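Per-entry structural report
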Amino acid sequence: MAPETRPENSPQQLLQKWIGDLPYQLLLLEKALLPEGFPFDYSPASLDALEARLLEHHDSVQDPGKRTEFVESAMAYLGEVLLGTAGGGWGWNTRPVDERPGQPVVRPDPELALSPVAPMLLISYALRVRTGTAFAKEVDRLRRAVTEQRHAVPGWEPVKEHTPHVDPSAPLPEDPALTAWLAERGEGLSAWAEDAFDGAWRWNFHPDTLDWLEAVVRRRFATVEEFDASRDEPFVQGACWYMGEVIRRNKGAVWQYIPFDPDAHPGAPGSRESVWTGVPFVDQPDKRVGGAAVPLGCLRELLLKEEEGGEPEVREDGLRDVLFWFRSSSYAHVGALLRRMGMVSPEKADSVLAEYAEFAHHELPPHEVPDTLVAFGVAVSAHGDDVDDLEESYAGILEEAAALTGGAVTLTDVRLREDEEYGEVLEFSRNGVPVTQQTEHESDDYLDHMAIAEFIGHADPDPGDDTRRFHLVQFVRLKDTNYDSYFVFATPEQATVLEKELGLQLR
């Protein structure tokens, strides 16, 4: 039997198209239509700023097309915030509106027994009354309904339906083909860098190195056809891996792979027509409206020509521009990840986010991500600048490390002394057993970070039921940033997730 097809303008098709366009509408609003600094955190409080910007935009812009563009993107954000308040999901009202075959609506959690809310009508009302509080009053109405239901049914909470490519989700299970490809590419890095960059140091995963990679690709291939003929060769595959790693390590993306699925609908991921099928790509499924890119396609697009006045011209967008569409990690994102893995309690996560509430949703550069692990109490750090007292600093690091073990390890009697053979050594007791660690100091103001990386292992619990240990955190160090060292206390499984989803390397 042939599958049933729905009319192009059926409510189901219109709703699916609206939901499919939501990520674009939200990105357009965030990246182009709202001013920098807008609290784009999907909180009810952010709706005050959205409504103010809506009124301002309506007054200053006369172009109907631009007004419509802003309203549709605002509808997407407003609807998602209302769903976050009252649960439920998107629906479609079939009543025509201004030559439109209906409009999207927010259907609150069925347990609330509330009528659907049409974001377009709520926006029209806000523009008409111009109080600046229309959105807030609607949120208050939904909140009161939620509160009443909680009182009526203890333990009840509204449930939001998952909005694809908008709400965070877990990454796909790693396909064996991807595992093998990542291992091969990682092992071949030195040889590939020697070939690509003539042995220079430029493969440090800094975003600027994408400019050098782009120049190498353009120099090697004059046409798309030449590139396609070499797509499976080590240079192109290594370039794909390197570009993906720059994105992963700077933005906290994960590698993904979707194998061919003969049952996939044409054009859907898994089908032969999809650009996401059978090729490694980087994605941010665990972030709201995260970015995604196929490095192979990005490299290929460098060689595509654009028609400009009848003459083909080289595309101006470069590899580094792709980073713009990826969302960096934040305190809120890291806290959610640590809660998901059971590394911190909900109470601990909430207290840290309350402490950093002013910038909990701000995106962080890669060198600030390890600081969040210290803030949430799953890591210790060693200061990279000058310290007041070396012995006290070493003692503080050991004390903090021991505290993370919950009493499994005690590190006491810390003493830094001169030694005839080694010049200077650090002594301390681990569970009552003396330990001696050689140290080397260029001055009395700076810690020996290599020594710390060696002696931090003494804070690991004894092998047995507790598999947690301290892992040295490696990350992309941008120019003129901190030189602190970080050690996260995690199981091997937790360390793997932190690596994959926060763009870190753990040793």
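Notes on the structure follow. (Residues numbered from 1 in each chain as written. Predicted model: local features only at pLDDT ≥ 70, side-chain atom pairs only at ≥ 80, totals over all residues. Heavy atoms only, no water.)

On to the overall build of the chain. Scanning the chain from N- to C-terminus turns up 17 helices and 14 strands. Counting only residues that meet the buried cut, the chain has 47% of its 507 residues in that class. Considering only residue pairs separated by 6 or more positions, the chain has 62% of its internal contacts joining residues 24 or more positions apart. When the accessible surface of the chain is totalled, it reaches about 26,400 Å², and 49% of it is carbon and sulfur. Charge separation in the chain, taken as the distance between the mean sites of 46 positive and 91 negative side-chain charges, equals 8 Å. (Helix = DSSP H or I, 4+ residues; strand = E, 2+ residues; numbered from the N terminus. Buried < 20%, exposed > 50% of the residue type's maximum accessible area, 1.4 Å probe, protein only. Contact = heavy atoms within 4.5 Å. Areas by Shrake-Rupley, 256 points an atom, 1.4 Å probe, with all protein chains shown as cover. Lys, Arg positive; Asp, Glu negative; His and termini not counted. Charge placed at Lys NZ, Arg CZ, Asp CG, Glu CD.)

It is worth spelling out helix 6 (residues 176-187) at this point. Taking 1.5 Å as the rise per residue, helix 6 with 12 residues should run 16 Å; its terminal C-alpha atoms sit 17 Å apart, in good agreement. Buried within helix 6 are the following residues: L178, W181, L182 and R185. All buried residues of helix 6 lie within an arc of 100° about the axis, which places them on one face of the element. Along helix 6, exposed side chains directed more than 90 degrees from the buried face belong to P176 and E187. (Expected span 1.5 Å × (residues − 1). Arc of directions from axis to C-beta.)

Right, let's get into the sheet that holds strand 9 (residues 411-419). Ordered by their spatial adjacency, 3 strands build an open sheet running 9-10-11, and the pairing between neighbours is antiparallel. Each of the sheet's edge strands pairs with one partner strand only, and the pair in question is strand 9 and strand 11 (433-438). Each strand axis lies, on average, 20° off the axis of its neighbour in the sheet, ignoring direction. Looking at chain direction, strand 10 (residues 423-430) and strand 11 are connected through 6 bridges and run antiparallel. Bridge pairing in strand 11 places E427 opposite T436. Contacts from helix 15 (residues 390-404) reach strand 9 and strand 10 within the one sheet, and its direction differs from that of strand 9 by about 150°. (Pairing = 2+ DSSP bridges. Axes fitted to C-alpha atoms, helices over the stretch in contact; angles between N-to-C directions.)

A few words on the packing of helix 3 (residues 64-86) against helix 5 (residues 134-152). In the contact formed by helix 3 and helix 5, the axes pass within 9 Å of each other and the chain directions differ by 25°. Between helix 3 and helix 5, the crossing angle belongs to the class labelled roughly parallel. Crossing geometry of helix 3 relative to helix 5 is assigned as right-handed. Side by side, helix 3 and helix 5 meet where L78, L82, T85 and A86 of the first sit next to F135, E138, V139, L142, R143 and V146 of the second. (Parallel < 35°, antiparallel > 145°, perpendicular 65-115°, else oblique. Left-handed = near helix turned anticlockwise from the far one by under 90°.)

Another point: the packing of helix 4 (residues 119-129) against helix 5. The angle between the axes and the distance between the axes are what describe a pair of packed helices. Put simply, helix 4 and helix 5 touch, their axes get as near as 9 Å, and they point 130° apart. Considering their axes alone, helix 4 and helix 5 lie oblique with respect to each other. For the pair helix 4 and helix 5, contact is made by L122, I123, Y125 and A126 and by A134, F135 and E138, respectively. When grouped by side-chain class, the residues that make up the contact of helix 4 with helix 5 number 6 nonpolar, no polar and 1 charged. (Nonpolar A, V, L, I, M, F, W, Y, C, P; charged D, E, K, R; others polar.)

Across a sheet, paired strands are connected by hydrogen bonds in the backbone, their directions being either parallel or antiparallel. One open sheet holds the 3 strands; their spatial order is 3-4-5, and the pairing between them is antiparallel. Two strands bound the open sheet, and with one partner strand each, they are strand 3 (254-256) and strand 5 (292-293). By the bridge criterion, 3 bridges tie strand 3 to strand 4 (residues 281-283) in an arrangement that is antiparallel. Of the residues in strand 4, the one forming a bridge with V254 is D283.

The full count for this structure, using the stated rule, is 0 disulfides. Looking at C240, it has no disulfide partner, and the nearest cysteine sulfur is the one in C298, 9.0 Å off. Owing to a relative accessible area of 5%, C240 belongs among the buried residues under this scheme. (Disulfide = S-S within 2.5 Å.)

A word on the side chain of H367. Inspection of the secondary structure puts H367 in the loop between helix 13 (346-355) and helix 14 (369-375). When neighbours within four sequence positions are excluded, H367 is seen to be in contact with F475, V476, L478, T481 and N482.

Residue placement: W18 occurs in helix 1 (residues 11-33). With 85 residues separating them in the primary sequence, W18 and Q103 have C-alpha atoms 9.2 Å apart. Setting aside its immediate chain neighbours within four residues, W18 contacts E72, M75, A76, W90, W92 and P104.

Glancing now at unusual backbone geometry. The phi angle at Y42 is positive, at roughly 60°, despite the residue not being glycine. Its place among the elements puts Y42 in the loop between helix 1 and helix 2 (46-60). Owing to a relative accessible area of 12%, Y42 belongs among the buried residues under this scheme. In the Ramachandran plot, R130 falls in the positive-phi region, its phi being about 55° despite a non-glycine side chain.

The next point concerns the nonpolar core. Residues L29, L47, L50, Y77, L82, I123 and F135 are the most contacted members of the largest nonpolar core, which totals 45 residues. Sequence-distant contacts of L29, that is, excluding residues within four places in its chain, are made with L34, F40, L50, F70, S73, A74 and Y77. Core analysis: the second largest hydrophobic core is formed by 44 residues, W181, W255, I258 and L299 among them. (Core = buried A, V, L, I, M, F, W, Y, C linked by side-chain atoms within 4.5 Å.)

Now for the environment of A293. With respect to the helices and strands, the residue A293 is situated in strand 5. Remark: the alpha-carbon pair of A293 and E80, spanning 213 residues in sequence, is separated by 24 Å. Those residues within four positions of A293 in sequence are excluded, and the remaining contacts are W276, F281, V282, C298, V322 and F326.

Moving on, we come to the packing of aromatic side chains. Going through the model one piece at a time under the given rule, you end up with 25 aromatic pairs. When the ring of W192 is compared with that of F197, the centres are 5.8 Å apart and the planes differ by 75°; the resulting orientation is edge-to-face. F197 matches W192 in its accessibility class, with the two residues each being buried. Considering the side-chain rings of W276 and F281, the 5.0 Å spacing of their centres and the 70° angle between planes classify their relative orientation as edge-to-face. You can call W276 partly exposed: its relative accessible area is 26%. Given the relative accessible area of 4%, F281 is considered buried. Taken together, the aromatic side chains of W192, F197, F205, F221, F227, F235, W241 and Y242 make up a single cluster linked through ring pairs. Over the aromatic face of F235 sits the side chain of R220, whose NZ or CZ is 4.0 Å from the ring centroid. Residue placement shows R288 over the ring face of Y42; its charged tip is 4.1 Å from the ring centre. (Phe/Tyr/Trp six-rings, centres within 6.5 Å; stacked < 30°, edge-to-face > 60°. Lys NZ or Arg CZ within 6 Å of the ring centre and 35° of its normal.)

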